[in-house]
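Residue-level listing of the chains:
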Amino acid sequence: MKLSFDTADEQFRTEIAGWLANNLSGEFETIRFRGGPGDEHMFGEERKRWEQQMAQGGWTCVGWPEEYGGRGLSIEQQVIFHEEYARAGGPGRVGHIGEGLAGPTIIEFGTAEQKQKYLPGIRNGTELWCQGYSEPSAGSDLANVKTKAEYDQGRQAWCISGQKVWTSLAHESDWCFVIARTDPQSQRHHGLGFFLVNMHQPGVEVRPITQLTGTSEFNEVFFDQALAEDILGEPGEGWKIGMALLGFERGVSTLGQQMAFQNELDEIIALARRNGAAQEPDIRQRISEAHIGLRLMRYNAMRMLSGPADGSLDSAALVYKLHWASWHRSLGKLAMDVLGSEGELLMEPPYELSRLQSLFLFTRSDTIYGGTNQVQRNIIAERGLGMPKEPRG
Amino acid sequence: MDFKFTEEQVMIRDAADAFLLAEADSAAVRTAMASELGYDPAFWRALCDQMYWHVAHIPEQYGGLGLGYVELCIVMQAMGKRLACAPFFSTVALAANGLLLAGNEAQREQWLPRIAEGQTATLAFHGGGRAWDATAVSGEFTGSGDTYTLNGDYCYVVDGHSADLLLIAARNSQDQHELALFMLDADTAGIERQWQATMDQTRKQASLSLSNVTVAGNARLAGCQADGSTLDTLLDLACIALAAEQCGGTDAILRQAVAYTQEREQFGRTIASFQAIKHKAADIALKSEVAMSAVFYAACVADEYLAGSAGDGELAAQLPEAAAMAKAYCSDAYFFAAGNAMQMYGGVGFTWEYDAHLYFKRAKSSEVLLGNGAWHRERIATGLLGPANGGET
Ligand SMILES: Cc1cc2nc3c(=O)[nH]c(=O)nc-3n(C[C@H](O)[C@H](O)[C@H](O)COP(=O)(O)OP(=O)(O)OC[C@H]3O[C@@H](n4cnc5c(N)ncnc54)[C@H](O)[C@@H]3O)c2cc1C
């Protein structure tokens, strides 16, 4: 077991830290520490320009193989990249769904032509993606999707009709990957396809949904005979591909996410020292608990990324979402409790929230999206502990 | 960075599990715990003569195997899984660590080979009260140079009634700020030892009364800092070993309880199929995984610390924090696991016959020993927020 990074990796750390220090300046100074979860509606244009700046420096898609425009970085170097990015206050990445989800899935399942067509736009930060999984009747029960895909002989293409919901950043996106039913007779996870759909066409309508924060980061998306430019894999393979994509979600970027969490915890600690909350025994215990939880999340992630030689990779990975989501939601509550009565007072009408207020509200979604806490517990019990599967209606 | 067991460490773990499966089953544990001695001498001899665990992390020049703290924690974890009864924690994690930290060359050569031969040892430092650091020492010494005289009462001495050798912490009666450690034979004149009946019968405790115990000058460990910092470091190292044991117990009681729920049927199905049971198990599994990360992070830090100038200084400096995090997290995780497991068993969990209560009681006793979660969180809070009394750091 070894925790420290070797010298080559530390040199790489200096390189990326230097690049970020030089480039996160000038016009990009204002977006430092902005646009993360809860703040994603802010600075859209600036963040798109920043994405392209990153691309020019060769700092997008760093974990992709070099043949697809990535850097082919080792796990260690990816960890370092994400850590330094968050430490420098790098803004929320507008391209993260393309880079982290769509791209790896296309690399894994796409044809040579599809790779050629879609990967450069993601790599260059010019084309943004969103995820079209959830529907009004398919939330936790994703296999219940009703959106239809029909092959239109006239247009020589698959056409999509139906409704998606909670689609994050659909209003900013150029492309959407959509799970839809190719076989109208099929049930559950059979008969599904995985489609790549251009958002700029008459058959696609995006309607924003206002969140409890008063802002709007996710949307309803309506498809009416919308043309799918491509299907990934074969009709009927949609479930397999869709699930593989979710596997990419638990990647190395979690360590960067943790660095962002650290920034939040630091802000709470500084506030507690200023306003006297640091003297309250309950707050002391909870700040300490938050600190421990975050540090251990880091070592858990390092174990998860170090691979399976200890035989428990799967279990370390299985608990990861439940752990960070629950931790982060508690942090939001802690922030509010450290704020005390001041926590009620908004920055400005009608509904401008401070960073910590926004943390409190937004972290309520962490235990819902990407598999709710209850669904995570089912998965841990069934896959990790071999307990019986849930009965289905 | 490679945060997983090496092949050799996996072998040590598997060998440990196999040995204890044969030698420390429930019947063996119950026989041992019913005796005042608290362990089966034949088991202790096997543990020393066949497995060499008692000298795993002792350097080769003193008769040890020269392995690291990670290996020691692997063994502690394995023993925790089975509730194995042996004077192992006291001899190795308390006394041998004390000699490694504070003994000079001659003192290590004098005492460590005796441990290597299979003699048992422990640390006596606690004079009562709620603190679990060097401030808890109330026993006193007088004299200097050639001879010292020790006086005082010591409580919570693990295996204190049976140990062959004693490591004693005491303050200078003339100057309470001067703390020293003495190593002596347990049969030295003036030492009265009283076994104490304990709720957790799998770990024995004694109280010691020292009246005018006279020892030679070389009994005083030469490397012990007078300000108590050496003793605090020793307690940190012991916390990490104890946390490893707690981590093993957490995992074991989870697996046993889940196995029970897979067999027991109510309402025409196994109780494991009830979501309330699955989710409890999943919550324990989460804590068990995080506990594992906490322990082996802390064990890596301990290795760097014990490596002295050859170690990674940045990691070594994290020893107090790593120990506090591991002990806080694992104490609470184990109790959470054992308490919830007992609920999963229903009525049989409340019987003497089932082992659930043995884990439950061990979870509580090891939580309290060396300071509970709240104690260690407050240590961390002091680092983050300054002292609780309103003073500035
Ligand atoms: C901020 C945010 C962003 C999102 N972004 C996207 C996106 O970009 N793309 C996308 O496709 N989706 C997105 N989602 C949707 C998200 O994945 C779903 O909300 C989530 O899967 C839960 O589905 P649901 O909302 O329909 O809740 P439901 O499934 O109706 O769940 C309601 C409650 O029932 C519980 N429950 C459901 N099933 C079980 C079960 N088997 N056992 C126990 N309890 C159960 C749940 O845990 C929950 O507490 C987003 C959601 C949020 C909040």
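Residues numbered from 1 in each chain as written. Chains lettered and ligands numbered in written order. Predicted model: local features only at pLDDT ≥ 70, side-chain atom pairs only at ≥ 80, totals over all residues. Heavy atoms only, no water.

Scanning chain A from N- to C-terminus turns up 12 helices and seven strands. Computed over the C-alpha atoms, the radius of gyration of chain A is 22 Å, within 12% of the 21 Å expected from 2.2 N^0.38 for a compact globule of 393 residues. A fraction of 70% describes how many contacts in chain A between residues 6 or more apart in sequence connect residues 24 or more apart. On chain A, roughly 17,000 Å² of surface is accessible, and the fraction owed to carbon and sulfur atoms is 51%. With 38 positive and 52 negative side-chain charges, chain A shows a spacing of 5 Å between the two charge centroids. (Helix = DSSP H or I, 4+ residues; strand = E, 2+ residues; numbered from the N terminus. Rg over C-alpha atoms; globule rule 2.2 N^0.38 Å. Contact = heavy atoms within 4.5 Å. Areas by Shrake-Rupley, 256 points an atom, 1.4 Å probe, with all protein chains shown as cover. Lys, Arg positive; Asp, Glu negative; His and termini not counted. Charge placed at Lys NZ, Arg CZ, Asp CG, Glu CD.)

Right, let's talk about the overall build of chain B for a bit. Helix and strand counts for chain B stand at 12 helices and nine strands. Expressed along its principal axes, the backbone C-alpha trace of chain B runs to roughly 75 × 50 × 40 Å. For chain B, with 393 residues in total, the buried portion stands at 59%. Once local pairs closer than 6 in sequence are excluded, the contacts in chain B between residues at least 24 apart make up 75%. Just so you have it, chain B exposes about 14,700 Å², and 50% of that area is on carbon and sulfur atoms. (Buried < 20%, exposed > 50% of the residue type's maximum accessible area, 1.4 Å probe, protein only.)

Before going further, it helps to spend a moment on the domain arrangement of chain B. All names here are of chain B. Along its sequence, chain B is carved into domain 1 (7-116), domain 2 (121-219) and domain 3 (229-389). If you average the C-alpha positions of domain 2 and of domain 3, the two centres end up 28 Å apart. Across the interface of domain 2 and domain 3, roughly 1,500 Å² is buried in total on both sides, 69% from carbon and sulfur atoms. Where domain 2 packs against domain 3, one counts two salt bridges. Measuring nitrogen to oxygen at the nearest pair gives 3.7 Å for the salt bridge that ties aspartate 200 to arginine 362. Here domain 2 is connected to domain 3 by four residue pairs in polar contact (both at pLDDT 80 or more). Residue assignment for the side of domain 2 that touches domain 3 shows that the elements contributing at least two residues are β4 (165-172) and β5 (175-185). Residue composition of the side of domain 2 that touches domain 3, by class: 12 nonpolar, two polar and four charged. (Domains from an automatic or database assignment. Buried area = accessible area lost by both parts, 1.4 Å probe. Salt bridge = Lys/Arg side-chain N within 4 Å of Asp/Glu carboxyl O. Polar contact = N/O pair within 3.5 Å; in protein donor to acceptor, adjacent residues only side chain to side chain. Nonpolar A, V, L, I, M, F, W, Y, C, P; charged D, E, K, R; others polar.)

Let's shift gears to the domain arrangement of chain A. All names here are of chain A. Taken domain by domain, chain A consists of domain 1 (7-94), domain 2 (129-236) and domain 3 (250-384). Domain 1 and domain 3 are separated by 22 Å when their C-alpha centres are compared. The interface is formed by 10 residues belonging to domain 1 together with 12 residues belonging to domain 3. Roughly 1,000 Å² of surface becomes buried between domain 1 and domain 3 when both sides are summed, with 67% attributable to carbon and sulfur atoms. The interface formed by domain 1 and domain 3 includes one salt bridge. Between arginine 298 and glutamate 83 there is a salt bridge, with the nearest N and O atoms lying 2.2 Å from each other. Along the contact surface separating domain 1 from domain 3 lie two residue pairs in polar contact (both at pLDDT 80 or more).

With that out of the way, let us pick up the site of the ligand. Surrounding the ligand, one finds 17 residues, the nearest of these being Ser140, Trp166, Ser168, Thr372 and Gln374 of chain A. At 2.9 Å from a nitrogen atom of the ligand is found a main-chain nitrogen or oxygen belonging to tryptophan 166 of chain A. The contact in question runs from a nitrogen atom of the ligand to an N or O atom on the side chain of glutamine 275 of chain B, over 2.8 Å. The fraction of the free accessible surface of the ligand (970 Å²) that becomes covered by protein chains is 68%. Mapped by element, the contributors of at least two residues to the shell around the ligand are β3 (157-168) and α12 (373-384) of chain A. Per element, the largest residue contribution to the shell around the ligand is three residues, and it comes from β3 of chain A. Tallied by class, the residues present in the shell around the ligand amount to five nonpolar, 12 polar and no charged. For the shell around the ligand, the domains that each give at least three residues are domain 2 (129-236) and domain 3 (250-384) of chain A. (Near = heavy atom within 4 Å.)

Right, let's talk about the packing of helix α8 (residues 281-306) of chain A against helix α8 (residues 275-306) of chain B for a bit. Packing of α8 of chain A against α8 of chain B brings their axes to within 9 Å, and their N-to-C directions diverge by 90 degrees. Here α8 of chain A is positioned roughly perpendicular relative to α8 of chain B, judged by the angle of their axes. The residues of α8 of chain B that touch α8 of chain A, namely those facing Arg295, Leu296, Tyr299, Asn300 and Arg303 of chain A, are Glu289, Val290, Met292, Ser293, Ala294 and Tyr297 of chain B. Here the contact of α8 of chain A with α8 of chain B is composed, by residue class, of six nonpolar, two polar and three charged. (Axes fitted to C-alpha atoms, helices over the stretch in contact; angles between N-to-C directions. Parallel < 35°, antiparallel > 145°, perpendicular 65-115°, else oblique.)

In this structure the tally under the stated criterion is zero disulfides over all chains. Looking at cysteine 61 of chain A, it has no disulfide partner, and the nearest cysteine sulfur is the one in cysteine 130 of chain A, 17 Å off. Of all cysteine sulfurs in the structure, the one in cysteine 247 of chain B sits closest to cysteine 330 of chain B, which takes part in no disulfide; the separation is 5.5 Å. For cysteine 330 of chain B, a relative accessible area of 0% corresponds to the buried category. (Disulfide = S-S within 2.5 Å.)

Further remarks concern the interface of chain A and chain B. Of the residues lining the interface, 45 residues belong to chain A; the matching set on chain B comes to 57 residues. At the boundary of chain A with chain B, total buried surface from both sides reaches about 4,800 Å², with 61% on carbon and sulfur atoms. Along the contact surface separating chain A from chain B lie six salt bridges. Here arginine 303 of chain A ties to glutamate 289 of chain B by a salt bridge, and the two come within 2.8 Å at their closest N and O atoms. At the junction of chain A with chain B, the criterion picks out 25 residue pairs in polar contact (both at pLDDT 80 or more). Contributions of two or more residues to the side of chain A that touches chain B are made by α7 (253-275), α8, α9 (313-318), α10 (320-339) and α12 of chain A. When residues in the side of chain A that touches chain B are grouped by element, the largest group, 14 residues, is from α8 of chain A. Classifying every residue of the side of chain A that touches chain B by side-chain character gives 19 nonpolar, 14 polar and 12 charged.

Bringing the nonpolar core into the picture now. By size, the foremost hydrophobic cluster in this structure holds 191 residues, and its most contacted members are Phe88, Phe89, Leu231 and Phe296 of chain B. Dropping the residues within four chain positions of it, phenylalanine 89 of chain B is found in contact with Met76, Leu94, Val158, Arg203, Ala238, Ala241, Leu242, Leu369 and Leu370 of chain B. Core analysis: the next-biggest nonpolar cluster, separate from the first, contains 25 residues, Ile97, Tyr133, Leu142 and Leu245 of chain A among them. (Core = buried A, V, L, I, M, F, W, Y, C linked by side-chain atoms within 4.5 Å.)

Our focus in this paragraph is the pattern of salt bridges. All names here are of chain A. Counted by the stated rule, this structure contains 41 salt bridges over all chains. Among the ionic pairs, glutamate 229 bridges to lysine 117, the shortest N-O distance being 2.8 Å. With glutamate 229 in strand β7 (residues 218-232) and lysine 117 in helix α5 (residues 112-123), this residue pair connects regions lying 112 residues apart in the sequence. We classify glutamate 229 as partly exposed; its relative accessible area is 35%. Under the relative-accessibility criterion, lysine 117 is labelled partly exposed at 39%. Ionic pairing is found between aspartate 230 and lysine 117, a salt bridge with its closest N-O pair at 3.2 Å. Of the two residues, aspartate 230 is situated in strand β7 and lysine 117 in helix α5; the sequence distance between them amounts to 113 residues. Classification of aspartate 230 by relative accessible area gives buried; the value is 17%. It is possible to trace a salt-bridge network through shared partners that takes in Glu10, Arg13, Glu83, Glu84, Arg87 and Arg298.

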